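An overview of the molecular structure
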Amino acid sequence: MISVVIDTNVLISALRSNRGASFKLISLIGTGKFDISFSVPLLIEYEAVSKRKKFEHLIDRDIDDLLNYLCKVADKRDIFFLWRPFLKDPKDDMILELAVEAGCEYIITYNLDDFKGIEQFGLEAITPKQFLIKIDEL
């Protein structure tokens, strides 16, 4: 089974529109097509970003339901090591650490440039569309 970490920008894209690769990717979580890994810091970031004022059109209850579902189906991980700083953005380091701890193959993101150098950890940064093509869902 392919294991991935989903960057916050992908989740937000899926919440903003029910069209496109991000929404399809999020819709496939829990179907057995791939596994997602999750950590408490990533959950907190998902919640904080999705509940910002600029996303007021989103209903908090719907966001909470999605986050609760992710907590239910995800491979939950504790991070016991830190390599910071490795990437340009410390929040991206959090995602890298989770992906390495969980033995993931991919970090799914729209910010590919932010994850340069992760190949040395056996990881690949990939867009939602590229990932959906890899798993024959597009």
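Heads up: these notes are all about the structure in this document. (Residues numbered from 1 in each chain as written. Predicted model: local features only at pLDDT ≥ 70, side-chain atom pairs only at ≥ 80, totals over all residues. Heavy atoms only, no water.)

**Digging into helix α3 (residues 40–50)**
Those residues of α3 lying buried are Leu42, Glu45, Tyr46, Val49 and Ser50. Seen along its axis, α3 keeps its buried residues to an arc of 115 degrees; they face one direction. If you follow the buried residues of α3, they end up packed against β1 (3–6), α1 (8–16), β2 (35–38), α4 (60–73) and α5 (90–102). (Buried < 20%, exposed > 50% of the residue type's maximum accessible area, 1.4 Å probe, protein only. Helix = DSSP H or I, 4+ residues; strand = E, 2+ residues; numbered from the N terminus. Arc of directions from axis to C-beta. Contact = heavy atoms within 4.5 Å.)

**Observations concerning the sheet that holds β1**
Read from one edge of the open sheet, five strands run β3-β2-β1-β4-β5, paired in parallel fashion. Edge positions in the open sheet fall to β3 (75–76) and β5 (124–126), since each of these has one partner strand only. With three bridges connecting them, strand β4 (residues 106–108) and β5 associate as parallel partners. Residue pairing for β5: Ile108 is matched across the bridge by Ile126. (Pairing = 2+ DSSP bridges.)

**What about unusual backbone geometry?**
For Asp136, which is not glycine, the phi torsion reads 60 degrees and is therefore positive. Mapped onto the secondary structure, Asp136 falls in the segment after α6 (128–134). With a relative accessible area of 67%, Asp136 lands in the exposed category.

**Remarks on the pairing of β1**
Regular strands have side chains that alternate between both faces of the sheet. The side-chain alternation of β1 yields two buried faces, one formed by Ser3 and Val5 and the other by Val4 and Ile6. In terms of strand pairing, β1 meets β2 through two bridges, oriented parallel. Bridge pairing in β2 places Ser3 opposite Asp35. Summarising the sheet, β1 and β4 pair through three bridges and their orientation is parallel. Across the sheet, residue Ile6 finds its bridge partner in β4, namely Ile108.

**What to know about the layout of surface pockets**
One number sums up the size of the largest pocket: a volume of about 210 Å³. Considering the residues around the largest pocket, the lining is formed by 13 residues, among which Asp7, Thr8, Asn9, Glu45 and Asn111 are closest to the centre. Mapped by element, the contributors of at least two residues to the lining of the largest pocket are α1, α3 and α5. Per-element tally for the lining of the largest pocket: the top contributor is α1, with three residues. A per-class count over the lining of the largest pocket returns three nonpolar, three polar and seven charged. (1 Å grid on protein atoms, 1.4 Å probe; cavity = no way out; pocket = protein on both sides within 12 Å on 5 of 7 lines; lining within 4 Å. Points joined across faces, edges and corners; volume = space filled by probe spheres on them. Nonpolar A, V, L, I, M, F, W, Y, C, P; charged D, E, K, R; others polar.)

**As for the pattern of salt bridges**
All told, the structure shown has eight salt bridges when counted by the stated rule. The salt bridge partner of Lys88 is Asp114, with a shortest N-O separation of 3.7 Å. Taken together, the positions of Lys88 in the loop between β3 and α5 and Asp114 in the loop between β4 and β5 put the pair 26 residues apart, joining distant regions of the chain. Classification of Asp114 as partly exposed rests on a relative accessible area of 22%. Sharing partners across several salt bridges, the network here consists of Lys24, Lys33 and Glu137. (Salt bridge = Lys/Arg side-chain N within 4 Å of Asp/Glu carboxyl O.)

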